[in-house]
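If you want the building blocks of each chain, they are given just below.
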Amino acid sequence: MDIALVVLIGLIAAYAGGVAALVLRRPLGPARALAAGAGTAAGVAAAFALMLLLAHVWFPGTLIVVALFAGAVAYLTLLRDLGGAKAGPAALLGALLTGGSFVFVSYLAVMAVLGAAGVYLVLRQWLRIRPALLLMGGTLGGLLAASAAVFAVALASM
């Protein structure tokens, strides 16, 4: 495994934990929010470890885990604001988009979904649902495009 991937996974896990702690600070209080953030960071790191382990054994299984993980992140992110009837199709679309992107940009697609979900959760504290959703979609599209560019540069320099 490349050290750059380990660093990226550590950074995205820390980002997810920081977003969770920030969003949960008011409802849970500072101490419990930090604990929830640490748990979120550990969960994200464990999910990436599962994906990496599975990639060495069965690549189609990794694709399935990536799609399920992205769908779960999208569903749980949107459930409170959209309800189950609207969050389900949005999560399915996110899972398909991430699974398809994973084929081309590998783990960067999963990191893009986590980044966009974090943007939505933080912005949702100050914005209404529709503008936050638009910014989430724009963030996801931008991060996936940036992932494709990074991956293309990495392949060109090999």
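In this report, the structure presented in the accompanying data block is examined. (Residues numbered from 1 in each chain as written. Predicted model: local features only at pLDDT ≥ 70, side-chain atom pairs only at ≥ 80, totals over all residues. Heavy atoms only, no water.)

## Some remarks on the pattern of salt bridges
So, point 1. Throughout the structure, instances matching the rule amount to two salt bridges.
So, point 2. The partner of Arg80 in a salt bridge is Asp81, with the nearest N and O atoms 3.5 Å apart.
So, point 3. For Arg80, a relative accessible area of 67% corresponds to the exposed category.
So, point 4. For Arg124, the salt bridge is made with Asp81, and the minimal N-O distance between the two is 2.9 Å. Here Asp81 lies in helix α3 (residues 59–82) and Arg124 lies in the loop between α5 (108–123) and α6 (129–156), a separation of 43 residues in the sequence.
So, point 5. Using a relative accessible area of 21% as the deciding quantity, one classes Arg124 as partly exposed.
So, point 6. A network of salt bridges, in which partner residues are shared, links Arg80, Asp81 and Arg124. (Salt bridge = Lys/Arg side-chain N within 4 Å of Asp/Glu carboxyl O. Buried < 20%, exposed > 50% of the residue type's maximum accessible area, 1.4 Å probe, protein only. Helix = DSSP H or I, 4+ residues; strand = E, 2+ residues; numbered from the N terminus.)

## Observations concerning the side chain of Thr77
So, point 1. Inspection of the secondary structure puts Thr77 in helix α3.
So, point 2. Setting aside chain neighbours within four positions, we find Thr77 in contact with Ala117, Tyr120, Leu121 and Met136. (Contact = heavy atoms within 4.5 Å.)

## Some thoughts on the side chain of Asp81
So, point 1. Among the residues examined, Asp81 registers a relative accessible area of 17% and is labelled buried.
So, point 2. Among the polar contacts made by the side chain of Asp81, one reaches the side chain of Arg124 at a distance of 2.9 Å.
So, point 3. With near-sequence residues (within four places) excluded, Asp81 lies in contact with Tyr120, Arg124 and Ile129. (Polar contact = N/O pair within 3.5 Å; in protein donor to acceptor, adjacent residues only side chain to side chain.)

## Overview of α3
So, point 1. Its 24 residues give α3 an end-to-end C-alpha distance of 33 Å, which sits within 8% of 34 Å, the value for a rise of 1.5 Å per residue.
So, point 2. The sharpest bend along α3 comes to roughly 25 degrees, located at Leu76.
So, point 3. Here α3 has its buried residues at Gly61, Thr62, Val66, Phe69, Ala70, Gly71, Val73, Ala74, Thr77, Leu78 and Asp81.
So, point 4. Buried-residue contacts for α3 involve α2 (30–57), α4 (84–105), α5 and α6.
So, point 5. Positive backbone phi, approximately 80 degrees, marks Gly83, located one or two places after α3. (Expected span 1.5 Å × (residues − 1). Bend = angle between axes of the 7 residues up to and from the residue.)

## A few points about the packing of helix α1 (residues 3–28) against α5
So, point 1. With their axes 10 Å apart at the nearest point, α1 and α5 run at an angle of 20 degrees to one another. One element, α1, and the other, α5, form an angle in the roughly parallel class. Crossing geometry of α1 relative to α5 is assigned as left-handed. Residue-level inspection shows Leu5, Leu8, Ile9, Ile12, Tyr15, Val19, Leu22 and Val23 of α1 in contact with α5, the latter providing Leu108, Met111, Leu114, Gly115, Gly118, Val119, Leu121 and Val122. (Axes fitted to C-alpha atoms, helices over the stretch in contact; angles between N-to-C directions. Parallel < 35°, antiparallel > 145°, perpendicular 65-115°, else oblique. Left-handed = near helix turned anticlockwise from the far one by under 90°.)

## Brief notes about the nonpolar core
So, point 1. Grouped together as the largest cluster of nonpolar side chains are 34 residues, with contacts concentrated most on Val44, Phe48, Met51, Phe69, Tyr107, Met111 and Leu114.
So, point 2. Taken together, the elements giving at least two residues each to this core come down to α1, α2, α3, α4, α5 and α6.
So, point 3. Ranked by the residues each element gives to this core, the list is headed by α5, at ten residues.
So, point 4. Excluding residues within four positions of it along the chain, Met51 makes contact with Thr62, Val65, Val66, Phe69, Tyr107 and Val110. (Core = buried A, V, L, I, M, F, W, Y, C linked by side-chain atoms within 4.5 Å.)

## Some words on the packing of aromatic side chains
So, point 1. Following the criterion strictly, the structure yields three aromatic pairs and no others.
So, point 2. Judged by centre distance (6.5 Å) and plane angle (55 degrees), the rings of Phe48 and Tyr107 are tilted. On the criterion of sequence distance, the pair formed by Phe48 in helix α2 and Tyr107 in the loop between α4 and α5 is long-range, its members being 59 residues apart.
So, point 3. With relative accessibility at 0%, the residue Phe48 sits in the buried group.
So, point 4. Looking at Tyr107, the relative accessible area reads 9%, which means it is buried.
So, point 5. Ring centres of Phe59 and Phe102 lie 5.8 Å apart, and the angle between their planes is 20 degrees; this geometry places the pair in the stacked category. Highlighted residues: Phe59 in helix α3 and Phe102 in helix α4, separated in sequence by 43 residues.
So, point 6. With a relative accessible area of 3%, Phe102 lands in the buried category.
So, point 7. Feature note: the residues Phe48, Phe59, Phe102 and Tyr107 constitute an aromatic cluster, connected by ring pairs. (Phe/Tyr/Trp six-rings, centres within 6.5 Å; stacked < 30°, edge-to-face > 60°.)

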